[in-house]
Amino acid sequence: MTQETPPPIPRRRPLLALLAVPVAALIVAGLTFLATRPLGGGAAQASFFVIGSAQPGVQLGQIAPGTAQDPAAPALALSGLDGAPVNLANFGGKPIWLIFWKTACEPCESEAPDVAAAYAAHRDGGLVVLGVDLWDSSAAVQDYADGHPLAFPIAVATTSSFMDAYGVWGAPTHYFIDSAGIIQDRYFGPMSRDLMDQSLEKIL
């Protein structure tokens, strides 16, 4: 009598393989949440973000790196479009609004008129607005400025020190620093004029 061969036992997929898809989905969902979550306050707004660095960055109430009140900070190298060095310490004693942006950023461009209007309204009161491009070359920023008149100074980071110090990983990112060099507010993503005014009230 012939002996029947038992049917092959189906191979089970390894547990790690079974978990890979849901874990990946959770990671994507988490990154999506972070990329649309404002740091300063208010409702999240749709934006185009430039992923750069995932450093945690400085927090509210801390001394802003590179200001005159923080002499121990690492050298934060900035260059103006004319090639001259730009140093945050030179603005000591004045409220500073730092805007990290880049040329290929539609929300940066769309909020620019409101930034210009807010700057014009408070410039005589000593407000300093400085746009800092962490991604583009000076030549690329100059080409952009030639076609887009800018109402406030622009600087280009020559190293990754600013990105690391402030934990910037998307554009636009806003930091509001009072005259004592303390970070009073920050916002990740494009801002409306109302949000700008609310944040400026904290440093003026």
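My aim in this report is to walk through the structure given alongside it, one point at a time. (Residues numbered from 1 in each chain as written. Predicted model: local features only at pLDDT ≥ 70, side-chain atom pairs only at ≥ 80, totals over all residues. Heavy atoms only, no water.)

This model, assessed by the stated rule, comprises three salt bridges. Of the charged contacts in the structure, one is a salt bridge between Asp136 and Lys102, with a shortest N-O distance of 3.8 Å. With Asp136 in the loop between strand E4 (128-133) and helix H3 (138-147) and Lys102 in the loop between strand E3 (96-101) and helix H2 (106-122), this residue pair connects regions lying 34 residues apart in the sequence. Judged by its relative accessible area of 15%, Asp136 falls in the buried class. With a relative accessible area of 11%, Lys102 lands in the buried category. Of the charged contacts in the structure, one is a salt bridge between Asp197 and Arg193, with a shortest N-O distance of 3.1 Å. (Salt bridge = Lys/Arg side-chain N within 4 Å of Asp/Glu carboxyl O. Helix = DSSP H or I, 4+ residues; strand = E, 2+ residues; numbered from the N terminus. Buried < 20%, exposed > 50% of the residue type's maximum accessible area, 1.4 Å probe, protein only.)

A word on helix H5 (residues 193-201). Of all the residues in H5, the buried ones are Leu195, Met196, Ser199 and Leu200. Looking straight down H5, one finds its buried side chains confined to an arc of 135°; they lie on one side. Facing away from the buried side of H5, by more than 90 degrees, are the exposed residues Asp194 and Glu201. Contacts from the buried residues of H5 go to E3, H2, strand E6 (173-177) and strand E7 (183-188). (Arc of directions from axis to C-beta. Contact = heavy atoms within 4.5 Å.)

This part covers the layout of surface pockets. If you add up the space inside the second largest pocket, you get close to 230 Å³. The wall of the second largest pocket is formed by 16 residues, among which Cys108, Ala112, Tyr144, Leu150 and Phe152 lie closest to the centre. At the level of elements, E3 and H2 are the ones that each hand at least two residues to the lining of the second largest pocket. Partitioned by chemical class, the residues of the lining of the second largest pocket number twelve nonpolar, two polar and two charged. (1 Å grid on protein atoms, 1.4 Å probe; cavity = no way out; pocket = protein on both sides within 12 Å on 5 of 7 lines; lining within 4 Å. Points joined across faces, edges and corners; volume = space filled by probe spheres on them. Nonpolar A, V, L, I, M, F, W, Y, C, P; charged D, E, K, R; others polar.)

The full count for this structure, using the stated rule, is one disulfide. The residue that forms a disulfide with Cys105 is Cys108, at a sulfur-sulfur distance of 2.3 Å. Its S-S torsion of about 75° marks the bond between Cys105 and Cys108 as right-handed, since a negative value means left-handed. The burial state of Cys105 is the same as that of Cys108; both residues are buried. (Disulfide = S-S within 2.5 Å.)

To continue, consider the pairing of E3. Across the six residues that make up E3, a large majority, six, are buried. The alternating pattern of E3 places Ile96, Leu98 and Phe100 on one face and Trp97, Ile99 and Trp101 on the opposite face, and all of these are buried. In this structure, E3 lies alongside E4, joined through six bridges in parallel fashion. Following the sheet pairing, Ile99 is matched in E4 by Gly131. (Pairing = 2+ DSSP bridges.)

Structural measurements only, silent on function.
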